Amino acid sequence: MFSPQLSDKIISRLLLSKGYKNWVEYRAKIAPSEILCISQKMYLKPIKPVICEAAMGFLELQHKIATKQGEMKTLVCHASRVYRALISAAKLRFTEALAEASADPAPHLGQHSTVLYEQEITNYKYAEILWGLADVMFFQPQPEVSPVDSKAKPKLDYVLPHFLLWFKNNFPGARLSDIPPTGSVEAHTAYKPVLFKSLLQGDMKAVSSLLKRHSRFKSSPLLQEIERLVNTMPLDPMTCDKSVHDSWRKSCSRVKCPVTEDPVISRLLSILMGNLEALEEESETWIDLILAKLIFSNPYTTRQALREMLPKGDNFEPENTVFVNIIRMDASAVLYTGHLIFPIWVIAHMADLFYHCNLIPPKEKGGVVVNCRQQYLLDFCLSCCGDASLFPLALSYLPCILDDTTAVGSYIQLLADQCHPQTENEGFALLSLCQRFKSNDTHIKRVMSRTMAETGNAGASFAWASSITSPQGHPSQLLIQMVSEMIAKFPDDLALDSQQDHSLHSAADAISSLTTADTTLNFIAQYSQLRKAHKSNDYKMHSKVLLSMFKSNIVPDRFAFALLKEAIPHLTARPSVYGQEETQVLMQSILTIQPTLSIVNAKQLEEMWMCLGNNMASAISQSIESTL
């Protein structure tokens, strides 16, 4: 006998492996933590084309709604069918991928590829069934009466034809092949289950065929009358008036079944008459019972009234709660329970359709207005941003999520914080979006500068940081801090390795377009020129830059001695590039740092003083000679 407490068989038909009690146990056993970790961080290759198609459908729907290119319910109905087809396509793509992976596992997933694909196939089978039911309950356009015919009776929104079609498309019917094609059938063990299953699923042709093959059919007026009733049963309340169904029901009630009659035939007649006890006993699951009630008890049930056929109480297994919420037409509850089961892109696009049908109005939570559509769509965008190939697609959704400039700006910042754009193209896409909505882009530039630094791209990191300026054009504190941190890692003797040298010149290039009085930035800019002059043996440029650095007092004390030592080769060259005035600048610089030098530098200091003295003498001599 049917009972809502019994373990439901609906999902057991879908699971790939036997022995799982429910969906929760299936997910726990089939998907170990390391596999879930992989699936949460990336979109598997087979699903990416489907997500792109879904995005195209989403953007097209928003455009048509914004430009009023059709009635809302028609647009939503069409979009729902597109998404349902894409879910079916996703299931097919993973099925094909599973066949390939079984022979040759995907290299980036290794041994887990087949398990992941099996999990996704099951997920999309379930999503396909649930979306189909949601399509029946929420998105099917309701019939209307033409305003020209004022006397026409309104066509009510009867759910039976849609529900029956959904059921047949998603759940297996009775297997007539289990019964031999010839001979009498009532003695076969499969006869009773096949007969009742066909009857409860509205397959009247199969029921009629089985009755005609009964050994007593030709000699039994009772069987012939029941077969006639089966064939004439009105199944479409949209085309048959209720009076027709009532007349048929009266014909059933006039049929008398002897006590000595076959119990199977007696039970069949009870079902035809809508006997609730018979329906409950022969239905395997609560959803089978709902269909049976629709067919035999009240085929003129509307979508809104279907919830009355649900079993009493809330003792449903977790995977069936979504079914129940759909039948109750509780869109918010469908999203809440469905986000644990549906793939995120499925639940996000379902939330969008609910929103356009005015099924999930904004709610106030803690003094803040919460828009479920925005939340689910943003979650989907965040999941896409974890994949570089889907990053631009995610950004295309943002203008459709919110029109408010401030809100869009905060969402862009959230994307940048949680998704960490890995390429400059992703950063430029975020900047373009900020420019479109006139949002502040400083946060994006900060994130990109940090990301480029983490990936070892010093040039890009400094370039992003240098693009942050004040309204007066002054460099940002971020750039100054980055340069200070870089300088702090330089050795005292300025013997830079290749990476430090590259960072130095990258920072200098980024600073070159800025006008700043900051000594740290000016030191880096001029020291980069100094190293370039030294490398190219341009003594004049080297001396010019070196003197400029000491005259402007931008050289950190710990680097002063190392820079002064670079002048020694130029001091000993003839003719010297340093005149009296330039030599005096160098001497004054040595006097300034001499108290801080250690005894280790004594010999080098002595050599430097000797070079400076000789150069001064030579410079004075040249000056006297030039005046004679």
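Residues numbered from 1 in each chain as written. Predicted model: local features only at pLDDT ≥ 70, side-chain atom pairs only at ≥ 80, totals over all residues. Heavy atoms only, no water.

**Concerning the nonpolar core**
Thinking step 1. F163, W166, F296 and W345 are the most contacted members of the largest nonpolar core, which has 137 residues in total.
Thinking step 2. Sort the elements by how many residues they give to this core and helix 5 (residues 113–139) lands first, with 15 residues.
Thinking step 3. Ignoring sequence-local partners within four residues, the contact set of F296 consists of L199, L200, M204, M233, R249, I271, L272, G274 and L279.
Thinking step 4. Listed in part, the 51 residues of the second largest apolar core include V555, M608, C611 and M616. (Core = buried A, V, L, I, M, F, W, Y, C linked by side-chain atoms within 4.5 Å. Buried < 20%, exposed > 50% of the residue type's maximum accessible area, 1.4 Å probe, protein only. Helix = DSSP H or I, 4+ residues; strand = E, 2+ residues; numbered from the N terminus. Contact = heavy atoms within 4.5 Å.)

**Some details on the packing of helix 24 (residues 498–511) against helix 25 (residues 519–535)**
Thinking step 1. Close contact between helix 24 and helix 25 brings their axes to 9 Å; oriented N to C, the two are set at 120°. The angle between helix 24 and helix 25 falls in the class oblique. Here the hand of the crossing between helix 24 and helix 25 comes out left-handed. Touching D501, L504, H505, A507, A508, D509 and I511 of helix 24 are L521, I524, A525, Y527, S528, R531 and K532, all from helix 25.
Thinking step 2. Here the contact of helix 24 with helix 25 is built from residues that sort into 8 nonpolar, 2 polar and 4 charged. (Axes fitted to C-alpha atoms, helices over the stretch in contact; angles between N-to-C directions. Parallel < 35°, antiparallel > 145°, perpendicular 65-115°, else oblique. Left-handed = near helix turned anticlockwise from the far one by under 90°. Nonpolar A, V, L, I, M, F, W, Y, C, P; charged D, E, K, R; others polar.)

**Points about helix 10 (residues 242–253)**
One turn of the α-helix equals 3.6 residues, which is why residues spaced by three or four share an orientation.
Thinking step 1. Taking 1.5 Å per residue, 12 residues should reach 16 Å; helix 10 reaches 17 Å between its end C-alpha atoms and fits that length.
Thinking step 2. Of the surrounding elements, those touching the buried residues of helix 10 are helix 9 (221–232), helix 11 (263–272) and helix 13 (286–296). (Expected span 1.5 Å × (residues − 1).)

**A word on the packing of aromatic side chains**
Thinking step 1. Inspection of the entire model under this criterion finds 20 aromatic pairs.
Thinking step 2. Note on F94 and Y117: the rings are 5.8 Å apart at their centroids and 50° apart in plane angle, and the pair reads as tilted. Within this pair, whereas F94 is found in helix 4 (residues 72–103), its partner Y117 is found in helix 5, the two being separated by 23 residues in sequence. The pair formed by F94 and Y117 is uniform in burial state, with each residue classed as buried.
Thinking step 3. Judged by centre distance (5.2 Å) and plane angle (70°), the rings of F380 and Y397 are edge-to-face. (Phe/Tyr/Trp six-rings, centres within 6.5 Å; stacked < 30°, edge-to-face > 60°.)

**Regarding the packing of helix 23 (residues 477–488) against helix 25**
Thinking step 1. In contact at an axis separation of 9 Å, helix 23 and helix 25 are set at 60° when each is read in the N-to-C sense. By the angle class used here, helix 23 and helix 25 are oblique. Where helix 23 crosses over helix 25, the two elements pack in a sense that is left-handed. Contact with helix 23, carried on its side by L479, I480, V483, S484, M486 and I487, involves T520, L521, F523 and I524 of helix 25 and no other residues of that element.
Thinking step 2. When its residues are assigned to classes, the contact of helix 23 with helix 25 shows 8 nonpolar, 2 polar and no charged.

**Describing the side chain of E227**
Thinking step 1. Relative to the elements of secondary structure, E227 occurs in helix 9.
Thinking step 2. Residue classification places E227 among the buried residues on the basis of a relative accessible area of 8%.
Thinking step 3. In terms of polar contacts, E227 uses its side chain to reach the side chain of N231, at 2.4 Å.
Thinking step 4. Not counting residues within four places of it along the chain, the set of residues in contact with E227 comprises S208, L211, K212 and F217. (Polar contact = N/O pair within 3.5 Å; in protein donor to acceptor, adjacent residues only side chain to side chain.)

**Regarding helix 23**
Thinking step 1. End to end, helix 23 covers 16 Å across 12 residues, agreeing with the expected 16 Å (1.5 Å per residue, within 8%).
Thinking step 2. Packed against the buried residues of helix 23 are helix 21 (442–454), helix 22 (458–466), helix 24, helix 25 and helix 27 (557–565).

**Some remarks on unusual backbone geometry**
Thinking step 1. A positive phi is found at K68, a non-glycine position, where the angle reads about 55°.
Thinking step 2. Its location among the elements puts K68 in the loop between helix 3 (48–66) and helix 4.
Thinking step 3. Relative accessible area serves as the criterion here: at 72%, K68 is assigned to the exposed category.
Thinking step 4. Backbone geometry places N537, a non-glycine residue, at a positive phi of 55°.

**Some details on the confidence of the model for the protein chain**
Detail in the predicted coordinates should be disregarded across regions flagged by low pLDDT.
Thinking step 1. Per-residue confidence for the protein chain gives a mean pLDDT of 78; residues scoring 70 or more make up 81%.
Thinking step 2. Contacts for the low-pLDDT stretch residues 1–42, under 50 throughout, to residues beyond four places or in other chains number 87 contacts. (pLDDT = per-residue confidence, 0-100.)

**What to know about the pattern of salt bridges**
Thinking step 1. Scanning the entire structure with this criterion turns up 11 salt bridges.
Thinking step 2. R267 is the salt-bridge partner of E281, the closest N and O atoms lying 2.8 Å from each other. Of this pair, E281 sits in helix 12 (residues 276–282) while R267 sits in helix 11, and the two are 14 residues apart along the sequence.
Thinking step 3. With a relative accessible area of 29%, E281 lands in the partly exposed category.
Thinking step 4. Judged by relative accessible area, which is 23%, R267 ranks as partly exposed.
Thinking step 5. Between R373 and D352 there is a salt bridge whose closest N-O contact spans 2.7 Å. Residue R373 is located in helix 17 (residues 372–385), and its partner D352 is located in helix 16 (residues 344–356); the two are separated by 21 residues in the primary sequence.
Thinking step 6. A relative accessible area of 3% means that R373 is categorised as buried.
Thinking step 7. Look at the salt bridges and you will find they share partners, linking R267, E281 and E282 into a network. (Salt bridge = Lys/Arg side-chain N within 4 Å of Asp/Glu carboxyl O.)

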